[in-house]
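Chains, contacts and geometry: an overview
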Amino acid sequence: DAKTTQPPSMDCAEGRAANLPCNHSTISGNEYVYWYRQIHSQGPQYIIHGLKNNETNEMASLIITEDRKSSTLILPHATLRDTAVYYCIVRGNNAGNMLTFGGGTRLMVKP
Amino acid sequence: DVKVTQSSRYLVKRTGEKVFLECVQDMDHENMFWYRQDPGLGLRLIYFSYDVKMKEKGDIPEGYSVSREKKERFSLILESASTNQTSMYLCASIEWGKNTEAFFGQGTRLTVV
């Protein structure tokens, strides 16, 4: 599975959009980009995933560059409850594919 | 609505003890994973299994073994617990071949004294 690079920490003002970047320059054609977040003392929670096209759900939007080497998770109106560690993962869908997390980005939403 | 259940939330064991951490999922998933999480080190993969009796080493398998005798249950074993294995342990499961989310247990905070 491809490795990812994320900034270790970011701040965002409450009510503003939070844009979390992720580099995955070694991603292969059949690997998806997944985002998870982990709020203190809980297990990680799935947010969104995508292959090539931009995706949106009730939690966030995912923008994947055309060359697929990087992506951005967007929380359109960040709240204090969005303070968490956000993980970007790339993974294929074959049996035996590991699910490997990097260090993630610690997002702090401030009032 | 519980999907992945870990047997204990908190556990205290003595150095040298054999420790079993149990994880059960009710979603009929093929893939199951064990991680440990330590401050500043993120989630590190210990072992994973993609089928009954199948296992693969993750990034940090030393000092651990696993067992998957039934599809729904994936056990992490510390043969002889040491203080450096004090950590938060998380189990996850995901459906093979499907582009779906992984579900995590609530975690087991293990302290080895």
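Structural notes, computed from the coordinates. (Residues numbered from 1 in each chain as written. Chains lettered and ligands numbered in written order. Predicted model: local features only at pLDDT ≥ 70, side-chain atom pairs only at ≥ 80, totals over all residues. Heavy atoms only, no water.)

Considering the pairing of strand β8 (residues 84–91) of chain A
Residue and element names in this part refer to chain A. Within β8, 8 of the 8 residues are buried, leaving the element largely enclosed by the surrounding structure. Burial along β8 is two-sided: the residues Ala 84, Tyr 86, Cys 88 and Val 90 and Val 85, Tyr 87, Ile 89 and Arg 91 are all buried. Taken together, the 7 bridges between strand β3 (residues 32–38) and β8 define a ladder with antiparallel strand orientation. For Trp 35, the partnering residue across the bridge sits in β8 and is Cys 88. (Buried < 20%, exposed > 50% of the residue type's maximum accessible area, 1.4 Å probe, protein only. Helix = DSSP H or I, 4+ residues; strand = E, 2+ residues; numbered from the N terminus. Pairing = 2+ DSSP bridges.)

A look at the side chain of Gln6(A)
Residue and element names in this part refer to chain A. Considering the arrangement of structural elements, one finds Gln 6 in the segment before β1 (9–13). Only 2.9 Å separates the side chain of Gln 6 from the backbone oxygen of Tyr 86, close enough to count as a polar contact. At 2.9 Å, the side chain of Gln 6 forms a polar contact with the backbone nitrogen of Cys 88. Beyond its immediate chain neighbours, meaning those up to four positions away, Gln 6 contacts Pro 21, Cys 22, Trp 35, Tyr 86, Tyr 87, Cys 88, Gly 104 and Thr 105. (Polar contact = N/O pair within 3.5 Å; in protein donor to acceptor, adjacent residues only side chain to side chain. Contact = heavy atoms within 4.5 Å.)

Let's talk about the layout of surface pockets
In this structure, the largest pocket spans a volume of roughly 590 Å³. What lines the largest pocket is a set of 28 residues, and nearest its centre among them are Gln38(A), His40(A), Val85(A), Arg106(A) and Gln37(B). At 4 residues, strand β9 (residues 105–110) of chain A tops the list of elements feeding residues into the lining of the largest pocket. Of the residues in the lining of the largest pocket, the class split is 11 nonpolar, 14 polar and 3 charged. Lining the second largest pocket are 15 residues, with Gly43(A), Pro44(A), Gln45(A), Phe104(B) and Gly105(B) positioned closest to its centre. Listed by contribution, the elements that provide at least two residues to the lining of the second largest pocket are β4 (45–50) of chain A together with β10 (103–104) of chain B. Taken together, the residues that form the lining of the second largest pocket break down as 6 nonpolar, 6 polar and 3 charged. (1 Å grid on protein atoms, 1.4 Å probe; cavity = no way out; pocket = protein on both sides within 12 Å on 5 of 7 lines; lining within 4 Å. Points joined across faces, edges and corners; volume = space filled by probe spheres on them. Nonpolar A, V, L, I, M, F, W, Y, C, P; charged D, E, K, R; others polar.)

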